[in-house]
Amino acid sequence: MTQKIVIVNTGCANISSVRFALERLGVSVDVSDNLSVIKGADKVFLPGVGSAFAAMGSIESKQLSDTLRSLTQPVLGVCLGMQLMVETSDETNDGVIQCLGLMPGHVARLQAGELRLPHMGWNTITPQQDSPLFKGIPADTYFYFVHSFAVPVYEKTLATCEYGQRFSAALQSDNFFGVQFHPERSGEAGAQLLTNFVEM
Amino acid sequence: MLAKRIIPCLDVRDGKVVKGVQFRNHEIIGDIVPLAEQYAKAGADELVFYDITASSDRRVVDKSWVSRIAQVIDIPFCVAGGIKSVEDAGRILEMGADKISINSPALTNPDLINQLHDIYGQQCVVIGIDSFYNEESGRYDVYKFTGDAARTQQTRWHTVDWIKEVQQRGAGEIVLNCMNQDGVRKGYDIKQLSAVREVCQVPLIASGGAGAIEHFTQVFQDADVDGALAASVFHKGIIDMQELKDTLSSQGIPMRRRHQR
């Protein structure tokens, strides 16, 4: 199966590690910010680390927003890439920043209580049982997380995780999927999830 | 539940993994990429690579191995040593490292921490601190340029004050190298780590002194650190990774279980 897999070049730093993880699965990938290349892909990855403010600035300067909203093929947002998929985020110095709005939802600072932030390390998730993205991945599987902001649990939540509060470890709205953790750095479990997405 | 992390540390010099005792007399352990791959397969939760020559001898250091590691490793890894600027950090992150760790350059130019935080985000900014217990004064002092015995120097910072300072500037994680303990395998410096834990609100990684499984138990139970870093016990095969994790798990310390595909 020769699929066209494209990683959107958001200018963020985890592009290489997402590309390498896909290459380890034996699929070839393009990293691109070309609108027609992104539109023509079978599967699209939206990576991101850093701040929502910086990432949205980069996406807007490359005029990618409308293209991303128009996509109908499966799209997987990773970490900050997932957070950019919802409507708004608190991760900015002045109030609220507009995200891509590929699905409803809001990103807020993780209410970790006594626990340390960032939430950094391997934590267990609880996925919805019938999701193709989590095929073969049972509850209590460990994935690698690094973040201080999160999307609370709501109707688009596909998997949950707990760190001081329960939050969305994964989201889905139609063809748009997002994961808060880093599948590219989550060992065998991450490879399984990436395989599931590629084979979707 | 968030698992506690076991982090093998690979000291790198001229593209080879080396290990010294109390930061001196380095011996070659092996090639970087196969060792990294071996540790990832053995169940390490994360890896740290310290380029121990870089900060102190001012030459441009070949970091192409970072990209080679990123290609084969499916767990997170951090690169330390010789990262003196935002541009240096950017290159390492672009090659596929998840985090960069700054030690001496942060002491020389503390504003670098703020810049890295603002550009790449708090999650990738690790501050390494070499802390030495001074018996005469009874204080913990921060040292820099510890990669080179001839240039190692004490700074004006007391360790706890520096920990507070780096958090305020945007550090996302702190690795505390307890120099008195490094390489001697007599156990982590629980007293110092506990004192630091009280003022450390970001993840804290213990480094220096691991020699037996019970040292890991102590550091997680008594100093409440988020991760434990060790080198020689893994390089020399003194502790088996899986046995370590099984033992800690049976003692109620949360450890990652591997996913069976």
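Structure first, text after, so check above.
Per chain, residues are indexed from 1 in the order of the written sequence. Lettering of chains starts at A and numbering of ligands starts at 1, both following the order in which they are written. For this predicted model, a pLDDT threshold of at least 70 governs which residues receive local features, and a threshold of 80 or more governs which side-chain atom pairs are given and counted, while totals over whole chains, interfaces and linings are taken from all residues. Neither water nor hydrogens contribute to the side-chain values; these are computed over all heavy atoms in the structure.

S.K.: Provide a residue-level description of the overall build of chain A, including the pertinent values.
M.R.: If you tally the helices and strands in chain A, you get six helices and 13 strands. Against the globule reference of 16 Å for 200 residues, chain A gives a C-alpha radius of gyration of 15 Å, in line with a compact fold. For the C-alpha atoms alone, the extent of chain A along its principal axes is close to 45 × 40 × 30 Å. With 200 residues in all, chain A has 64% of them scored as buried. Residues are treated as being in contact if the distance between any of their heavy atoms lies within 4.5 Å. Restricting the contact set of chain A to residue pairs at least 6 apart, pairs at least 24 apart contribute 67%. In the structure as shown, chain A presents an accessible area of about 7,400 Å², 46% of it carried by carbon and sulfur atoms. Lys and Arg are tallied as positive, Asp and Glu as negative. Neither His nor the chain termini are counted. Think of each charge as sitting on NZ of Lys, CZ of Arg, CG of Asp or CD of Glu. Taking the 13 positively charged and 19 negatively charged side chains of chain A as two groups, their mean positions are separated by 5 Å. Where helices and strands are cited, they refer to DSSP runs of H or I of at least four residues and of E of at least two residues respectively, numbered from the N terminus. Two things to know: the radius of gyration comes from C-alpha atoms, and the globule rule equals 2.2 Å times the number of residues to the power 0.38. Only protein chains enter the area calculation, which uses a 1.4 Å probe; residues under 20% of their type maximum are buried, those over 50% are exposed, and those in between are partly exposed. Here, Shrake-Rupley sampling with a 1.4 Å probe gives the accessible areas, and only protein chains in the shown set may cover a residue.

S.K.: I'd like to hear about helix α3 (residues 52-61) of chain A, residue by residue, with values.
M.R.: Residue and element names in this part refer to chain A. Among the residues of α3, A52, A55, M56, S58 and I59 are the ones counted as buried. Angular distribution of buried residues about the axis of α3 spans 160°; they occupy a single face of the element. Exposed side of α3, more than 90 degrees from the buried face: F53 and S61 are the residues found there. At the exit of α3 stands Q63, carrying a positive phi of roughly 55°. This arc describes the spread of directions from the helix axis toward the C-beta atoms.

S.K.: Any chance you could break down empty space enclosed by the protein for me, citing the residues and the numbers?
M.R.: A water-sized probe, rolled over the atoms, reveals where empty space remains. For cavity detection a 1 Å grid was placed over the protein atoms alone, and a set of points counts as a cavity when a 1.4 Å probe fits there but cannot get out; an open set counts as a pocket when protein lies on both sides within 12 Å along at least five of seven lines, with lining residues being those that have an atom within 4 Å of a point. Grid points are joined across faces, edges and corners, and a volume is the space filled by probe spheres set on the points. A full pass over the atoms with the stated rule returns three cavities of 30 Å³ or more. If you add up the space inside the second largest cavity, you get close to 160 Å³. N14, V49 and H182 of chain A together with D98 and Q123 of chain B are the residues nearest the centre of the second largest cavity, which is lined by 13 residues in total.

S.K.: Outline helix α8 (residues 190-199) of chain B, supporting the account with residue identities and numerical values.
M.R.: Buried within α8 of chain B are the following residues: I190, Q192, L193, V196, R197 and V199 of chain B. Its buried side turned inward, α8 of chain B meets β7 (125-134), β8 (139-144), α7 (159-169), β10 (173-178), β11 (204-207) and α9 (213-223) of chain B.

S.K.: Tell me about the packing of aromatic side chains, and please be specific about residues and values.
M.R.: In this scheme Phe, Tyr and Trp rings, the latter by its six-membered ring, pair at centre separations within 6.5 Å, and the angle between planes marks the pair as stacked below 30 degrees, edge-to-face above 60, and tilted otherwise. According to the stated counting rule, one finds 15 aromatic pairs over all chains in the structure shown. Centre to centre, the rings of F145 of chain A and F181 of chain A are 5.6 Å apart; their planes meet at 75°, and the pair counts as edge-to-face. Residue F145 of chain A is found in strand β9 (residues 141-147), and its partner F181 of chain A is found in the loop between β13 (176-179) and α6 (187-198); the two are separated by 36 residues along the sequence. With respect to class, F145 of chain A is no different from F181 of chain A; both count as buried. Considering the side-chain rings of F132 of chain B and Y143 of chain B, the 5.6 Å spacing of their centres and the 65° angle between planes classify their relative orientation as edge-to-face. Of the two residues, F132 of chain B is situated in strand β7 and Y143 of chain B in strand β8; the sequence distance between them amounts to 11 residues. Taking relative accessible area as the criterion, F132 of chain B reaches 29% and is therefore assigned partly exposed. Each member of the aromatic cluster is reached from another via a ring pair, and the members are F134, F143, F145, F167 and F181 of chain A. When the ring centre of F145 of chain B is taken as reference, the NZ or CZ atom of R151 of chain B above it lies at 4.3 Å. Counting as a charge over the ring demands two things of the Lys NZ or Arg CZ atom: a distance within 6 Å of the ring centre and an angle within 35 degrees of the ring normal.

S.K.: Lay out the sheet that holds strand β10 (residues 149-150) of chain A with the relevant residues and their values.
M.R.: Residues and elements named next belong to chain A. At least two DSSP bridges between two strands are needed for those strands to be called paired. Strands sit in the order β6-β5-β7-β10 across an open sheet of four strands; the sheet is mixed. Edge positions in the sheet fall to β6 (97-98) and β10, since each has one partner strand and no second. Two elements, strand β7 (residues 106-109) and β10, share two bridges in a ladder whose sense is antiparallel. When the sheet's bridge partners are listed, R109 is paired in β10 with F149.

S.K.: Please provide a residue-by-residue account of the interface of chain A and chain B, values included.
M.R.: Every contact between the two is made by 35 residues of chain A and, on the other side, 41 residues of chain B. Buried area is understood as the total, over both parts, of accessible area removed when two parts are fitted together, assessed with a 1.4 Å probe. Carbon and sulfur atoms make up 51% of the surface buried where chain A meets chain B, a total of about 3,100 Å² over both sides. On the chain A side of the interface with chain B, the three residues burying the most area are R116, W122 and R185 of chain A, jointly 25% of the side's total. Salt bridges are identified by distance alone: a Lys or Arg side-chain nitrogen within 4 Å of an Asp or Glu carboxyl oxygen. One can count four salt bridges joining chain A with chain B. D226 of chain B is the partner of R116 of chain A in a salt bridge, and the nearest nitrogen-oxygen pair spans 3.1 Å. Between N or O atoms, a polar contact is any pair within 3.5 Å; within protein, one atom must be a potential hydrogen donor and the other a potential acceptor, and residues adjacent in sequence are included only when both atoms are from side chains. Applying the counting criterion to the chain A and chain B interface returns 21 residue pairs in polar contact (both at pLDDT 80 or more). When residues of the side of chain A that touches chain B are traced back to their parent elements, those giving at least two are α1 (15-24), β8 (119-127), β9 and α6 of chain A. Residues are grouped as follows: nonpolar covers Ala, Val, Leu, Ile, Met, Phe, Trp, Tyr, Cys and Pro; charged covers Asp, Glu, Lys and Arg; every other residue, Gly included, is treated as polar. Tallied by class, the residues present in the side of chain A that touches chain B amount to 15 nonpolar, 14 polar and six charged.

S.K.: Outline the packing of helix α6 (residues 111-120) of chain B against α7 of chain B, supporting the account with residue identities and numerical values.
M.R.: Residue and element names in this part refer to chain B. Fitting a line to C-alpha atoms yields each axis, with helices limited to the stretch in contact; the angle taken between N-to-C directions then spans 0 to 180 degrees. Contact geometry for α6 and α7: axes closest at 8 Å, N-to-C directions at 35°. You can see that α6 and α7 cross each other, and the crossing is right-handed. When α6 is examined against α7, the residues D111, I113, N114 and H117 are found in contact with a partner set consisting of W162, V166 and R169. Residues that form the contact of α6 with α7 fall into these classes: three nonpolar, two polar and two charged. Here a crossing is taken to be left-handed if its near helix is turned anticlockwise relative to the far helix by less than a right angle, and right-handed if that turn runs clockwise.

S.K.: An account of the pattern of salt bridges is needed here, citing residue identities and associated values.
M.R.: Scanning the entire structure with this criterion turns up 21 salt bridges over all chains. Linking D33 of chain A and K62 of chain A is a salt bridge whose minimum nitrogen-to-oxygen distance equals 3.1 Å. Taken as a pair, D33 of chain A in the loop between β2 (29-32) and α2 (35-39) and K62 of chain A in the loop between α3 and α4 (65-70) lie far apart in primary sequence, 29 residues in all. Taking the relative accessible area as the measure of exposure, K62 of chain A reaches 27% and is therefore partly exposed. Its salt-bridge partner being R185 of chain A, residue D98 of chain B comes within 2.7 Å of it at the nearest N-O pair. You can see D98 of chain B sitting in the loop between α4 (86-94) and β6 (99-102) and its partner R185 of chain A sitting in the loop between β13 and α6, one on each of two chains. There is no split in this pair, since D98 of chain B and R185 of chain A are both buried.

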